[in-house]
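Structural overview
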Amino acid sequence: MTTTTGTTTTTGALGTARTRIEGREKVTGAARYSGDIPLPELAHGWLVLSTIARGRVRSVEADSVLAMPGVLAVLHHENAPRVNLDYMGMIGPPDPIIGVFQHDRVPFRGWPVALVVAERPEQAREAAEALVVQYDQESHDIDFFAGHPDVYTPEDSPFGAAETTKGDIEAELAASTFVVDAEYTTPEEHHNPMEPHAATAHWDGGRLEVLDSNQGTTYVAGELAQIFSLDAESVRVRSEHVGGGFGSKTVRPHQVAAAMAATILDRPVRVVMTRRQMFSTIGYRSPTAQRVRLGADTSGRLRALDHRSECVTSTVHEFIERSATVGRVMYDADAHHTSDRVVRLDVPTPTFMRAPGEAPGSFALECALDELAETSGIDPIALRVRNEPDRGPVSGLPFSSRNLVACYEEGARRFGWADRDPRPGLRREGRWLLGTGMAAASFHSGAGPSTAGVTAEADGTFTVRINAADIGTGARTGIALVAADALAVDPDRVRVVMADSDLGPAMIAGGSMGMRSWAWAVSIAVRDLRERLALGGDIPPEGITARSDTSEAIGALSKKERHSFGAQFAEVAVDVTSGEVRVRRMLGIFAAGRIVNPLTARNQLVGGMVWGISMALHEEAVRDRASGGHVGPDLAGYHFAANADVPLIEADWVDDPDPDDPVGIKGVGEIGIVGAAAAIANAVWHATGVRHRDLPIRPDRVLSAGTSVPEPGHRG
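Cut-offs and rules
- Residues numbered from 1 in each chain as written.
- Predicted model: local features only at pLDDT ≥ 70, side-chain atom pairs only at ≥ 80, totals over all residues.
- Heavy atoms only, no water.
- pLDDT = per-residue confidence, 0-100.
- Contact = heavy atoms within 4.5 Å.
- Core = buried A, V, L, I, M, F, W, Y, C linked by side-chain atoms within 4.5 Å.
- Buried < 20%, exposed > 50% of the residue type's maximum accessible area, 1.4 Å probe, protein only.
- Helix = DSSP H or I, 4+ residues; strand = E, 2+ residues; numbered from the N terminus.
- Expected span 1.5 Å × (residues − 1).
- Phe/Tyr/Trp six-rings, centres within 6.5 Å; stacked < 30°, edge-to-face > 60°.
- Lys NZ or Arg CZ within 6 Å of the ring centre and 35° of its normal.
- Pairing = 2+ DSSP bridges.
- Patch = residues over 30% accessible without salt bridge, like charges linked within 9 Å, V, L, I, M, F, W, Y side chains within 5 Å.
- Areas by Shrake-Rupley, 256 points an atom, 1.4 Å probe, with all protein chains shown as cover.
- Salt bridge = Lys/Arg side-chain N within 4 Å of Asp/Glu carboxyl O.
- Axes fitted to C-alpha atoms, helices over the stretch in contact; angles between N-to-C directions.
- Parallel < 35°, antiparallel > 145°, perpendicular 65-115°, else oblique.
- Left-handed = near helix turned anticlockwise from the far one by under 90°.
- Nonpolar A, V, L, I, M, F, W, Y, C, P; charged D, E, K, R; others polar.

Per-residue confidence for the protein chain averages 95 on the pLDDT scale, and 98% of its residues sit at or above 70. This model gives residues 1-10 a pLDDT under 50, and the stretch forms 15 contacts once residues within four places in sequence are excluded.

Here it is, written out as structure tokens:
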């Protein structure tokens with residue numbers, strides 16, 4: 001069916017479920033990832049990481065390793081090319097870890113100290129494991145805890161203010177009828193995308209060519225040009241397929257090391273990280289210590305909201321896990337205070353990890369709201385509705401759209417919330433205590449400047465060229481649907497060329513901004529192309545191409561609070577004899593703008609909710625105080641939700657197009673994880689009568705906390 005909206009004719013391709021364009025290639029093994037692409041005379045590099053947490057490299061004993069079969073070079077701080085780190089990149093100053101082998105200083109365990117290059121990967125690995133590195137070791141500090149004496153308030157940045165204040169928190173708390181004052185913690189968590197980080201670098205006609213697994217070739221090419229002091233045109237980065245990123249696949253040590261080795265050896269060099277190496281070189285989610293204070297009047301209306309969070313960064317680079325920011329959007333209060341503080345330790349630098357800030361922050365805030373509901377005797381959903389803001393609680397800006405109440409209503413209806421008895425510990429099946437819980441969710445919705453080209457080919461097909469990145473989200477298919485809808489043609493007539501920095505600048509796949517940014521650029525290019533085609537005439541053999549640049553349009557956007565929202569519901573069973581917690585069912589209802597492809601959007605939302613289960617019950621990276629390194633930095637020692645841990649999960653959405661976006665998109669990549677852990681924790685309280693404020697909710701924690709529910713037959 002063809003419909004007309006405003007001046008744009010559409011075919012209805014948007015909003016229809018469609019399997020991935022590249023799906024057959026992926027399931028048959030034909031899809032090529034960055035570590036799969038053959039090149040002549042390809043050499044292989046293997047990173048060597050420090051075994052101390054702080055100190056200096058005294059010596060790298062490379063002579064014996066250079067004599068091993070197949071070894072071509074050993075790069076370290078005494079012989080590596082010098083690079084430039086004195087620049088401001090797309091997301092701020094670079095993390096010094098990407099400037100590999102520039103000095104002898106070791107700021108944490110797992111810092112890259114050498115690269116061994118050999119003819120074959122097996123030879124490189126054997127030689128790297130044989131390489132002896134001598135250190136001058138210094139004492140280190142890796143202990144993070146609330147109120148660390150070295151915690152500080154960072155300066156504001158483009159990502160937001162470190163601290164916001166409205167009203168008198170202490171006075172409003174003192175005047176409140178109901179008060180919650182609780183502390184929450186979340187542990188260090190790691191990305192672990194299915195495809196490890198891999199890059200191949202070589203020189204071609206004076207250009208540095210990099211085949212890489214990343215979330216945006218524009219970004220990676222720009223950073224590499226800065227690092228190696230090259231003209232932007234002298235670097236090309238391509239990324240055919242990416243097996244997951246979640247914030248970790250930006251610029252990391254392996255790309256720079258591969259480019260260094262390719263320059264020295266004048267041949268292609270590939271560097272692939274191992275799973276263990278990724279635990280210290282690609283970033284992670286910082287642990288947090290959070291305190292939430294809420295004060296409400298007799299009706300449950302918030303008089304005070306105070307959310308303070310502390311997190312970790314390294315001694316060489318500042319990254320802030322902005323957990324308190326979620327409260328600046330979710331609930332209004334007469335007095336409102338949020339702050340994010342940081343402590344520098346001898347650990348690797350954290351980084352963006354799916355729903356950075358909002359994922360751990362929503363756990364604390366949404367659990368505190370549940371505690372307030374319990375204290376005040378108000379239903380958790382009713383309490384949240386009562387504190388719905390009509391404008392940004394801190395900014396005072398209008399919302400582009402906010403359909404959160406509809407998420408509550410639809411979720412409550414489908415989950416059977418009305419039948420829930422709010423008293424804890426009433427439902428039991430043998431040794432299992434059953435409970436239900438819910439939480440709200442939000443994640444910001446933004447767009448980054450992007451360019452695109454759309455060509456009408458002589459054979460009646462269309463080609464979209466845009467430097468987007470498909471990190472497993474179905475972006476290729478989504479872009480094809482956007483173009484087909486705007487062109488009023490069947491999606492099979494649209495071909496998408498992407499993930500090549502030569503295609504021009506475009507937004508990275510991050511911050512739930514990818515599809516919105518790319519769709520905006522494609523829609524403008526299609527509009528211009530249709531105007532040219534309307535003039536009539538034959539299409540020449542080279543086709544007719546229209547190009548777009550959204551920089552001006554996005555820069556002209558009025559200031560508003562732009563967010564996706566959602567409501568998470570969970571039912572759990574708690575084994576009081578073993579401490580095991582099982583999630584039995586989950587439901588998420590989201591207001592996330594116009595949905596481009598329901599099939600892949602639901603995959604994204606369910607995937608986020610699965611990660612929420614993992615966050616609530618399993619994930620926790622533990623560091624050894626003596627060594628400063630991880631205990632079990634692999635997928636055997638780092639626990640996460642497996643198939644048996646994942647129940648029936650339903651994800652759906654309410655109508656919520658963004659009126660300021662030409663396609664109506666907001667974003668679905670991260671909203672699915674936000675609120676999920678809190679919903680599960682709140683359900684555990686409903687089952688047992690005991691609050692768990694520290695993640696993950698492990699069996700030992702359940703057993704040590706016990707329950708406030710009497711055993712069957714107990715008379716009190």
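Take the nonpolar core next. Formed by 106 residues in total, the largest nonpolar core has its most connected members in Leu-131 and Ile-466. Considering each element in turn, this core owes the most residues, 9 residues, to helix α12 (residues 475-487). Apart from residues no more than four positions distant in its own chain, Ile-466 is found in contact with Thr-451, Ala-452, Ile-479, Val-497, Met-498, Ala-499, Leu-503, Ala-506, Trp-518, Ala-521 and Val-522.

Moving on, we get to helix α9 (residues 358-376). What sets the pattern is the α-helix's 3.6 residues per turn: residues three or four places apart point alike. Look at α9: 26 Å from first C-alpha to last across 19 residues, which is about the 27 Å you get at 1.5 Å a residue. The buried count for α9 comes to 17 of 19 residues, which makes it a mostly enclosed element. Directly after α9, the chain includes Gly-377, whose backbone phi takes a positive value near 75 degrees.

Another aspect to go through is the environment of Phe-246. Tracing the backbone shows Phe-246 in the loop between β13 (235-238) and α6 (253-265). For the pair formed by Phe-246 and Ile-471, sequence separation is 225 residues and the distance between their alpha carbons is 8.5 Å. Every residue in contact with Phe-246, bar those within four places of it in the chain, is listed here: His-191, Pro-193, Gln-215, Phe-352, Met-353, Arg-354, Ile-471 and Trp-611.

This paragraph deals with the packing of aromatic side chains. The description of an aromatic ring pair uses the distance of the two centres, along with the angle that the planes make with each other. Tallied over the full model, the rule gives 9 aromatic pairs. For the ring pair Phe-279 and Tyr-638, a centre distance of 5.7 Å and an interplane angle of 75 degrees mean the geometry is edge-to-face. Placement of the pair is Phe-279 in helix α7 (residues 275-281) and Tyr-638 in the loop between α15 (598-617) and β26 (648-653), with a sequence separation of 359 residues. Like Phe-279, the residue Tyr-638 is buried in the burial classification. On the basis of an interplanar angle of 70 degrees and a centroid distance of 5.8 Å, the ring pair of Trp-417 and Phe-569 is categorised as edge-to-face. Placement of the pair is Trp-417 in the loop between α11 (404-415) and β18 (427-429) and Phe-569 in strand β24 (residues 563-575), with a sequence separation of 152 residues. Overall, Trp-417 belongs to the buried group, its relative accessible area being 6%. Here a set of aromatic residues connected by ring pairs shows up, and it is made of Phe-159, Phe-319 and Phe-352. The ring of Tyr-284 has Arg-623 sitting right over it, with the charged end atom 5.8 Å from the ring centre.

All right, on to the pairing of β26 then. With 6 bridges joining them, strand β25 (residues 581-591) and β26 adopt parallel strand pairing. Paired with Leu-587 across the two strands is Glu-650, which belongs to β26.

Once that is clear, we can look at a nonpolar patch on the surface. Nonpolar side chains collect at one region of the surface, where Met-90, Ile-91 and Phe-159 lie side by side and expose about 270 Å² of accessible area between them. Topologically, Met-90 is positioned in the loop between β5 (71-75) and β6 (105-106).

What follows is about the sheet that holds strand β4 (residues 55-61). Reading across the sheet, the 3 strands line up as β6-β4-β8 and stay open at both edges, with antiparallel pairing between neighbours. The open sheet has two edge strands with one neighbour each: β6 and β8 (132-137). Examined bridge by bridge, β4 and β6 share 2 bridges and lie antiparallel to one another. Among the inter-strand pairings, Gly-55 is bridged to a residue of β6, identified as Val-106.

On to the packing of α12 against helix α13 (residues 514-533). Interaxial distance between α12 and α13 falls to 9 Å at its minimum, and their mutual angle equals 30 degrees. Viewed along their axes, α12 and α13 adopt a mutual orientation that is roughly parallel. In this structure, the crossing between α12 and α13 has a hand that is right-handed. Seen from α12, the contacting residues are Ala-475, Gly-478, Ile-479, Val-482, Ala-483, Ala-486 and Leu-487; seen from α13, they are Met-515, Trp-518, Ala-519, Val-522, Val-526, Leu-529 and Arg-530. The residue inventory of the contact of α12 with α13, partitioned by class, reads 12 nonpolar, 1 polar and 1 charged.

Further remarks concern unusual backbone geometry. A cis amide bond links Leu-695 with the next residue in sequence, Pro-696, at an omega value of -5 degrees. As for its position among the elements, Pro-696 is in the loop between α16 (676-688) and α17 (699-705). Here the phi dihedral of Glu-41 falls at roughly 60 degrees; this positive angle occurs in a residue that is not glycine. Within the chain, Phe-246 stands out as a residue other than glycine whose phi angle is a positive 60 degrees. Assessed through its relative accessible area of 29%, Phe-246 is described here as partly exposed.

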